[in-house]
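# Observations on the three-dimensional arrangement
For reference, the chains in residue letters:
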Amino acid sequence: GENVEQHPSTLSVQEGDSAVIKCTYSDSASNYFPWYKQELGKRPQLIIDIRSNVGEKKDQRIAVTLNKTAKHFSLHITETQPEDSAVYFCAASRGEYGNKLVFGAGTILRVKS
Amino acid sequence: EAGVAQSPRYKIIEKRQSVAFWCNPISGHATLYWYQQILGQGPKLLIQFQNNGVVDDSQLPKDRFSAERLKGVDSTLKIQPAKLEDSAVYLCASSPWDSSSYNEQFFGPGTRLTVL
């Protein structure tokens, strides 16, 4: 089955700097890759996702890149702010509607002001 | 639109006791998921329903866990008997069953279970 590895497990950055979180997946049939943000004690919320037919997607300060050949994808956050502090999870799926997500272990991002 | 609802939000039980969690998905969402999130880990799928049928329960410990989704709307997840290692947050999620959604899942607030 699918296996998703996520690095680093913790990341501290200074406010205004960029943060990058990387994930690798094992199932070459996976074609949908969402990123979820989970604040302490709250539910995971989708922040951005990418499908395998594109290599990059941006939404304001957040971007995701995908390398299908190498089977890895990354989350990029620019101009980090204290409110970006949270746990970020990557996930992979075969993408057909209703197909299950396999999550990485998460990255704790701390933005120091 | 209203989000995914779960209850209770917190539950403390002793090992070998039973416990049940309830989930009400977003109206019209055909697919419902139960995840287990152990502290410091990502959510792990326990069971997935499509309407009232089970799509995937390969990671559900069937000797102690059971789930049902009668009438294809609300769902309950039960643990009987509970073990210490069942301490976790149990997340319910739902998604619509159509090609435009591409599997976006909407999560509920979770139930934090502590087994003593």
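Report on the accompanying structure. Along each chain, numbering runs from 1 in the same order as the chain's sequence is written. Think of it this way: whatever chain is written first is A, whatever ligand is written first is 1, and the rest follow in order. Only residues with pLDDT of at least 70 are given local features in this predicted model, and only at 80 or more are side-chain atom pairs given and counted; all residues enter the totals for whole chains, interfaces and linings. Note that the side-chain values use all heavy atoms of the structure and ignore hydrogens as well as water.

## A few points about the environment of Glu56 of chain A
Residue and element names in this part refer to chain A. Here is the rule: Working definition: helices are DSSP H or I runs of at least four residues, strands are E runs of at least two. Numbering for both runs from the N terminus. In this analysis, two residues are considered to be in contact whenever any of their non-hydrogen atoms come within 4.5 Å of each other.
Assignment of secondary structure puts Glu56 in strand β6 (residues 56-59). Note: C-alpha distance between Glu56 and Gln38 (18 residues apart in sequence) is 23 Å. In contact with Glu56, not counting residues within four places along its chain, are Ile50, Ala63, Val64 and Thr65.

## So, the side chain of Gln38 of chain A
Stated precisely, the cut-off is as follows: Each residue's exposure class comes from its accessible area (1.4 Å probe, protein chains only) as a fraction of the maximum for that residue type: buried when under 20%, exposed when over 50%, partly exposed otherwise. The term polar contact refers here to a pair of N or O atoms within 3.5 Å; inside protein, the definition further demands a hydrogen-donor-capable atom paired with an acceptor-capable atom, and it admits residues adjacent in sequence only when both atoms are side-chain atoms.
The topology assignment puts Gln38 of chain A in strand β4 (residues 32-38). Look at Gln38 of chain A and you get buried, because its relative accessible area is 12%. For Gln38 of chain A, the side chain forms a polar contact with the main-chain oxygen of Lys42 of chain A, separated by 3.0 Å. Excluding its chain neighbours within four sequence positions, the residues that come into contact with Gln38 of chain A are Arg43, Pro44, Ala86, Val87 and Phe89 of chain A together with Gln37 of chain B.

## With respect to the packing of aromatic side chains
Here is the rule: Ring pairs are drawn from Phe, Tyr and Trp, using the six-membered ring of Trp, whenever the two centres fall within 6.5 Å, and their geometry is named by plane angle: stacked under 30 degrees, edge-to-face over 60, tilted for the rest.
Taken as a whole and judged by the stated rule, the model has 13 aromatic pairs over all chains. With a centroid separation of 6.1 Å and 25 degrees between ring planes, the pair formed by Tyr33 of chain B and Tyr35 of chain B is classed as stacked. A relative accessible area of 0% means that Tyr35 of chain B is categorised as buried. When the centroid spacing of 5.5 Å and the interplanar angle of 40 degrees are considered together, the rings of Tyr35 of chain B and Phe107 of chain B count as tilted. With Tyr35 of chain B in strand β4 (residues 31-37) and Phe107 of chain B in strand β10 (residues 106-107), this residue pair connects regions lying 72 residues apart in the sequence. The class for Phe107 of chain B is buried, based on a relative accessible area of 3%. Through a chain of ring-to-ring contacts, the aromatic side chains of Tyr36, Phe89 and Phe103 of chain A together with Tyr33, Tyr35 and Phe107 of chain B assemble into a single cluster.

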